[in-house]
Amino acid sequence: MISQADIYAAKILIVDDQEVNLRLLEHLLQSGGYTAITSTLDARAVAGLHQRHQFDLIILDLVMPGMSGYAVMDALRPLELEGYLPVLVIAADPDAKLAALEAGARDFISKPFDALEVLTRIRNMLEVRLLHRAARHYNALLERTVGQRTAELQRFRGAMDATTDAILLVDMQGMTLVDVNDGACRLLGYSRAELLALAPGTLLPSPPAPPLAALPGGPAHLATEVTECELVRRDLSLVPVELGWHWYVQAPVAGGQGTGGLLLIAVARDISERRQTQERLKHLAHYDGLTGLPNRSLFYQTLAQAVELAQEKSWRIVVLFIALDRFKSINDTLGAALGDELLRQFSNRLVECVRLRDTVGRLGNDEFALILSMSRNQQEAVAVANQVREALRAPFDLRGHAATLTASIGIAMYPDDATDPETLIKYANTAMGGAKQAGRDGYRFFTAGMNVQVLARLDLELALRHALEHEQFILYYQPKVDLRTGRISGVEALLRWRRPGYGLVAPAEFVPVLEDTGLIVRVGAWVIQAACRQIAEWRDSEVGLVHVAVNVSSRQFAEGDLEGEVTRALAQHGVAPELLELELTETALMSNAERTIVVLGKLKKTGVKVAIDDFGTGYSSLAYLQRFPIDKLKIDIAFVRNITSNPNDAAIALAIISMAHSLKLSVVAEGVESRPQLEYLRRNRCDEIQGFYFSRALPALELGQMIVAGAGLPPGHDPAAQPAQTLLIVDDDVNVLSSLHRLFRPEGYHILAASTPAEGFEMLALHRVHVIVCDQRMPSMSGTEFLSKVKELYPETIRIILSGYTGLEAVLDSINRGAIYRFYTKPWDDTQLRDNIRLAFQHYWMVNQPGLARAAVR
């Protein structure tokens with residue numbers, strides 16, 4: 001901005017050949033406040049004067065003797081490199097004025113002079129001239145500053161490129177990268193041009209807030225803390241760096257113009273080698289240098305963490321303490337180097353014995369330990385201990401020397417034995433000592449109770465192997481009954497063990513052991529042979545043809561030759577394939593679905609039947625279900641047990657029946673133990689039943705006698721013979737039951753009475769009930785609860801509450817949900833109640849059989 005003082009101090013040169021004009025203009029300017037005034041009558045001296053004094057304004061007369069104003073301007077032009085002539089011409093001729101402007105003059109004044117016009121034009125020209133000079137000066141100053149900054153930047157770039165660290169300069173005002181060094185390009189894998197085109201936020205983490213001192217006028221350089229982080233390279237890999245943030249306050253442009261700026265310098269140092277060194281040191285501190293296994297320190301830490309997690313999840317943890325037997329003698333005989341090689345080979349075998357979630361550690365010279373997490377019982381510990389012992393059976397090759405080794409193993413369990421890591425390891429060590437004392441090459445549990453259990457298990461395994469070799473297994477047969485005919489439709493072969501000195505052993509006690517040990521494969525093959533042999537015996541006797549179902553375990557299917565075993569047994573005994581049925585669980589089917597489809601498909605082509613046992617309790621895919629060549633589904637006892645009183649169980653059972661029939665499969669219900677269960681299943685189109693209601697499992701002789709005797713089920717209720725109107729009354733008060741029975745007997749209803757909801761469910765399963773009258777307050781279940789379940793099981797019934805209980809909230813809620821048709825109070829009006837029950841029956845027929853209702857009305 002040009003000030004008033006700057007204008008009045010401007011240097012002015014007056015050039016005129018007339019003295020009077022000079023004096024007039026000098027007086028005019030002096031009176032106007034101008035102080036630096038020079039005048040001359042000699043036009044030829046103007047160029048020299050201007051070269052020495054650099055006038056801000058030259059007032060020049062155009063018409064002068066010796067040298068015209070035009071010539072003077074020509075002489076001045078070389079002195080003004082930018083072509084700006086600060087000339088104000090004096091002219092009277094209008095044409096001369098235009099010519100003067102074309103020659104380079106900036107303005108003109110006319111003769112005679114007008115004082116106001118002269119002063120105005122002079123002031124305007126001075127302002128323009130001073131502004132032009134200031135701009136030119138500022139530009140020159142700016143160029144010098146840029147040059148200096150460029151030189152500084154070049155020196156800085158030289159320093160930047162000389163370091164291996166990555167340096168990135170960020171302009172915080174525009175959030176752009178100003179510059180990067182070669183180290184940044186190498187570290188991040190970009191070219192310099194590619195880096196400068198990226199936003200800082202894509203390369204660097206968020207910077208810390210600038211310190212308060214990082215403001216204009218503050219220190220030029222401020223450094224903040226150094227942090228460790230990871231940067232993303234161009235190939236998306238991560239590189240760990242030590243990142244330092246440095247704030248740099250840029251100085252304002254020379255001349256006081258501008259406010260400067262804030263520059264952020266990020267310096268990143270690659271610490272990959274440092275990290276690797278730290279990891280190596282950490283590994284050396286926590287892992288055994290010889291075997292690479294966790295050492296004692298890390299093993300204790302891992303066990304402590306496992307115990308904490310087990311406390312939260314209610315898991316069991318098993319610790320096995322393993323000591324190599326007679327390792328010292330091998331080490332002394334073959335030398336330390338081969339002893340170390342033996343330990344390395346043993347540790348590799350040990351790792352192969354456990355799951356990924358388990359932990360193996362080396363606690364001492366020849367002492368190792370295992371952590372088995374999420375263990376179910378001690379049998380898993382026994383299995384792992386036996387795996388370790390088996391892993392030692394094969395000789396170790398020690399550079400041409402064969403060495404055999406055994407181990408003594410101690411076992412302790414959390415939370416059974418101890419709840420802290422130190423005690424667990426101590427107890428496992430103690431148990432290991434007991435295993436050594438017992439003769440080595442064995443294992444021992446810490447507690448005597450567990451030792452007893454394990455010994456009993458071992459005894460059971462040995463006895464089962466003996467039973468298989470000495471034919472102590474026998475088959476019992478449980479009949480299945482066709483619900484349409486009531487006759488026996490087939491039997492299921494069930495394994496039994498007649499153990500000497502123990503009698504008949506329940507399957508639940510020994511079948512899981514057969515599964516765990518793998519003996520089930522051999523036993524399963526025996527069962528198929530025995531079943532086919534029995535089919536042939538019955539066929540050749542008065543019993544005749546009997547369909548026999550045999551259970552096939554998942555291990556037998558996966559590990560055995562099921563197709564070959566079945567084919568050989570059928571051929572050996574001359575049995576028709578359609579008389580044999582294989583029952584597999586969903587788990588067995590899905591263990592290898594594609595292979596299952598192939599194997600069962602081949603058996604199905606021969607005529608063998610296939611059933612899915614315990615359907616609904618395992619995991620299966622409905623998409624696979626239609627691909628399996630199956631003939632029958634068996635509803636598990638879990639859904640049959642409460643089928644007459646639990647709507648959920650009933651819904652699942654009915655869904656299985658409906659789905660099976662849609663897929664053209666027949667359905668067998670297992671575990672039928674009562675007549676109500678039987679009638680409910682029969683009413684809902686179940687094909688066959690099996691359970692204690694008809695018969696327990698029997699020896700072959702007794703079962704044959706039952707078939708010969710023509711045993712069967714009584715026929716079901718004939719719907720045509722069912723009483724036209726059946727009323728069920730449920731009340732725990734015997735007097736109320738008697739009163740209501742007397743009240744409704746003249747109406748001709750078939751009246752059923754139940755004193756408990758359980759009896760009511762049985763009546764509903766045994767009879768087709770139309771109307772139910774139920775008391776609200778009963779000891780085991782309220783009337784609304786009872787009728788709510790009845791609604792789900794028998795939605796067509798008309799359900800009525802009859803109670804003196806005044807709490808109506810639950811009753812009204814049940815009415816609103818449709819569980820109750822009407823609510824009547826005690827004591828009742830006989831005539832009104834009789835009429836209302838009559839209307840309830842009419843409502844039943846109107847809703848369920850409108851044709852009959854119209855006929856009744858007519």
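Remember, predicted model here, so these are calculated numbers, not experimental data. (Residues numbered from 1 in each chain as written. Predicted model: local features only at pLDDT ≥ 70, side-chain atom pairs only at ≥ 80, totals over all residues. Heavy atoms only, no water.)

Engineer: Sorry, what's going on with the sheet that holds strand S1 (residues 11–15) here?
Structural biologist: Strands pair in a sheet through their backbones, by hydrogen bonds, and they do so in one of two ways: parallel or antiparallel. On the basis of which strands lie adjacent, the open sheet formed by 5 strands has the order S2-S1-S3-S4-S5 and parallel pairing. The outermost strands of the open sheet, each flanked by one partner alone, are strand S2 (36–40) and strand S5 (107–110). Here the average twist between neighbouring strands, direction ignored, is 20 degrees. In the packing of helix H2 (residues 19–31) onto the sheet, contacts are made with S1, S2, strand S3 (57–61) and strand S4 (87–91), and the angle to S2 comes to roughly 175 degrees. (Pairing = 2+ DSSP bridges. Helix = DSSP H or I, 4+ residues; strand = E, 2+ residues; numbered from the N terminus. Axes fitted to C-alpha atoms, helices over the stretch in contact; angles between N-to-C directions. Contact = heavy atoms within 4.5 Å.)

Engineer: How do you make sense of the environment of Ser-554 when you look at a structure like this?
Structural biologist: Counting through the fold element by element, Ser-554 comes out in helix H19 (residues 554–559). Ser-554 sits in the partly exposed class, given a relative accessible area of 28%. A C-alpha to C-alpha distance of 110 Å links Ser-554 and Pro-86, two positions 468 residues apart in sequence. (Buried < 20%, exposed > 50% of the residue type's maximum accessible area, 1.4 Å probe, protein only.)

Engineer: Mind showing me how you'd approach helix H28 (residues 734–744) here?
Structural biologist: Owing to its 3.6 residues per turn, the α-helix aligns residues three or four sequence positions apart on the same side. For H28, the full list of buried residues reads Val-736, Leu-737, Leu-740, Leu-743 and Phe-744. In an axial view of H28, the angular spread of the buried residues amounts to 130 degrees, which keeps them on one side of the axis. In H28, those exposed residues whose orientation departs by more than 90 degrees from the buried face are Val-734 and Asn-735. In the core, the buried residues of H28 are packed alongside strand S28 (726–730), strand S29 (750–754), strand S31 (798–803) and helix H32 (830–848). With a side-chain oxygen lying 2.9 Å from the backbone nitrogen of Asn-735, the N-terminal cap of H28 falls on Asp-733. (Arc of directions from axis to C-beta. Polar contact = N/O pair within 3.5 Å; in protein donor to acceptor, adjacent residues only side chain to side chain.)

Engineer: I keep staring at the side chain of His-573 and nothing clicks. Help me out?
Structural biologist: Within the secondary structure, His-573 is located in helix H20 (residues 562–573). For His-573, the side chain forms a polar contact with the side chain of Gln-529, separated by 3.0 Å. The residues touching His-573, leaving out its near neighbours within four places in the chain, are Gln-529, Cys-532, Arg-533, Ala-536 and Arg-539.

Engineer: Can you walk me through unusual backbone geometry in this structure?
Structural biologist: With glycine set apart, most residues show a phi of negative sign, and most peptide bonds adopt trans. Cis rather than trans, the peptide bond between Tyr-414 and Pro-415 has omega equal to 0 degrees. If you trace the backbone, Pro-415 turns up in the loop between strand S16 (406–414) and helix H15 (421–437). Note the cis peptide between Lys-826 and Pro-827, where omega equals -15 degrees. Within the element layout of this structure, Pro-827 appears in the loop between strand S32 (822–825) and H32. The residue Leu-236 is not glycine, and still its phi comes out positive at about 70 degrees. The phi dihedral of Arg-326 is positive, around 55 degrees, even though this residue is not glycine. Position of Arg-326 relative to the elements: it lies in the loop between strand S11 (316–325) and helix H12 (327–334).

Engineer: Can you walk me through the confidence of the model for the protein chain in this structure?
Structural biologist: Should pLDDT be low for a region, the predicted coordinates there are not to be read in detail. Mean pLDDT over the protein chain: 86, with 90% of residues reaching 70 or higher. Scored below 50 in pLDDT, residues 253–259 makes 11 contacts in the model with residues more than four places away or belonging to other chains. (pLDDT = per-residue confidence, 0-100.)

Engineer: Would you explain the packing of aromatic side chains in this entry?
Structural biologist: Geometry of an aromatic ring pair is reported as the spacing of the ring centres plus the angle between the planes. Per the counting criterion, the structure on display carries 13 aromatic pairs. Taken together, a centroid distance of 5.0 Å and an interplanar angle of 70 degrees make the contact between Phe-346 and Phe-368 edge-to-face. Taken together, the residues Phe-346 in helix H13 (residues 336–352) and Phe-368 in strand S13 (residues 367–375) connect sequence positions 22 residues apart. On the basis of relative accessible area, Phe-368 is assigned to the buried category, the value being 0%. Look at Tyr-477 and Trp-538: their rings are 5.0 Å apart centre to centre, the planes differ by 65 degrees, and that puts the pair in the edge-to-face class. Note that Tyr-477 is positioned in strand S18 (residues 473–482) and Trp-538 in helix H18 (residues 519–539), a separation of 61 residues in sequence. Accessibility assignment for this pair places Tyr-477 and Trp-538 in one class, buried. A connected cluster of aromatic rings, assembled from ring pairs, spans Phe-473, Trp-497, Phe-510 and Trp-526. One Lys or Arg, Arg-121, reaches over the ring of Phe-108 and ends 5.2 Å from the middle of that ring. We note Arg-349 situated over the ring of Phe-396; from NZ or CZ to the ring centre the distance is 3.7 Å. (Phe/Tyr/Trp six-rings, centres within 6.5 Å; stacked < 30°, edge-to-face > 60°. Lys NZ or Arg CZ within 6 Å of the ring centre and 35° of its normal.)

Engineer: Help me understand the sheet that holds S29 in this model?
Structural biologist: Read from one edge to the other, the open sheet built from 5 strands follows the order S29-S28-S30-S31-S32, with strand pairing classed as parallel. Each edge of the open sheet carries a strand with a single partner, namely S29 and S32. Taking each pair of neighbouring strands and ignoring which way they run, the sheet shows an average axis angle of 20 degrees. Bridge count for strand S30 (residues 771–774) against S31 is 4 bridges, and the pairing is parallel. Its bridge partner lying in S31, Ile-772 is registered against Arg-799. Across the sheet, H28 is in contact with S28, S29 and S31; its angle to S28 comes to roughly 160 degrees. In the packing of helix H29 (residues 757–766) onto the sheet, contacts are made with S28, S29 and S30, and the angle to S28 comes to roughly 165 degrees.

Engineer: Sorry if this is basic, but what is going on with the pattern of salt bridges here?
Structural biologist: Using the criterion set out here, one finds 45 salt bridges in the structure. For Glu-19, the salt bridge goes to Arg-23, with nearest N and O atoms at 2.1 Å. Remark: Arg-23 and Glu-19 occur in helix H2; sequence separation between them is 4 residues, near one turn of the helix. Two residues, Glu-688 and Lys-632, come together in a salt bridge whose shortest N-O distance is 3.2 Å. Placement of the pair is Glu-688 in strand S26 (residues 688–690) and Lys-632 in strand S24 (residues 632–635), with a sequence separation of 56 residues. For Glu-688, a relative accessible area of 9% corresponds to the buried category. Given the relative accessible area of 10%, Lys-632 is considered buried. Several salt bridges share partner residues, and in doing so they unite Glu-228, Glu-230, Glu-242, Arg-274 and Arg-275 into one network. (Salt bridge = Lys/Arg side-chain N within 4 Å of Asp/Glu carboxyl O.)

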